[in-house]
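# Breakdown of the fold
What follows is each chain in one-letter form.
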Amino acid sequence: QVPLVESGGGLVQAGGSLRLSCAASGDTFSGYYVGWYRQAPGKEREFVAAVTTNGRDTYYADSVKGRFTISRDNARNTAYLQMNDLKPEDTAIYYCNSRWWTSPIATMKNTMDFASWGQGTQVTVSL
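Below you will find a few notes about this structure. (Residues numbered from 1 in each chain as written. Predicted model: local features only at pLDDT ≥ 70, side-chain atom pairs only at ≥ 80, totals over all residues. Heavy atoms only, no water.)

Below, the discussion takes up the overall build of the protein. The helix and strand inventory of the protein stands at zero helices and 10 strands. Starting at the N terminus and walking to the C terminus, you meet the elements of the protein as β-β-β-β-β-β-β-β-β-β. For 127 residues, the compact-globule estimate of 2.2 N^0.38 gives 14 Å, and the protein sits close to it at 13 Å. Structurally, the protein occupies a C-alpha span of about 40 × 30 × 25 Å along its principal axes. Taken over 127 residues, the protein has a buried fraction of 44%. (Helix = DSSP H or I, 4+ residues; strand = E, 2+ residues; numbered from the N terminus. Rg over C-alpha atoms; globule rule 2.2 N^0.38 Å. Buried < 20%, exposed > 50% of the residue type's maximum accessible area, 1.4 Å probe, protein only.)

Given below as structure tokens:
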């Protein structure tokens, strides 16, 4: 893991869009997978999307496929989550996290393996 800061959340109507950013510090960002996760009130944190170190392979939860796009810009030490066609059920606090590239990418789907989480950014989708 590398320290990360999420931003870009806000209030949006159903059908709208938001772009979240995940900013890293240090000089090792390109060696980490990056994932996005979310936690709705009363529910456990769940996997949303993940991207490999060079951005060439992406993975998504079924609930967001076709609507969300994860990407990264290693030169800017930043990963993104473009969220389109937002639904009320997308309302949650969104977090990003990272894991060194020597782990299998599939481990990014397991929220329990991360030792720590940042503050996250709130996304609220209204009807």
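From this point, the discussion proceeds with the structure in view.
This paragraph deals with the state of the cysteines. In this structure the tally under the stated criterion is one disulfide. The residue that forms a disulfide with C22 is C96, at a sulfur-sulfur distance of 2.1 Å. The S-S bond linking C22 to C96 shows a torsion near 85°; that makes this disulfide right-handed. Taken together, the residues C22 in strand β3 (residues 18-24) and C96 in strand β9 (residues 92-100) connect sequence positions 74 residues apart. The buried category is assigned to C22, whose relative accessible area is 0%. (Disulfide = S-S within 2.5 Å.)

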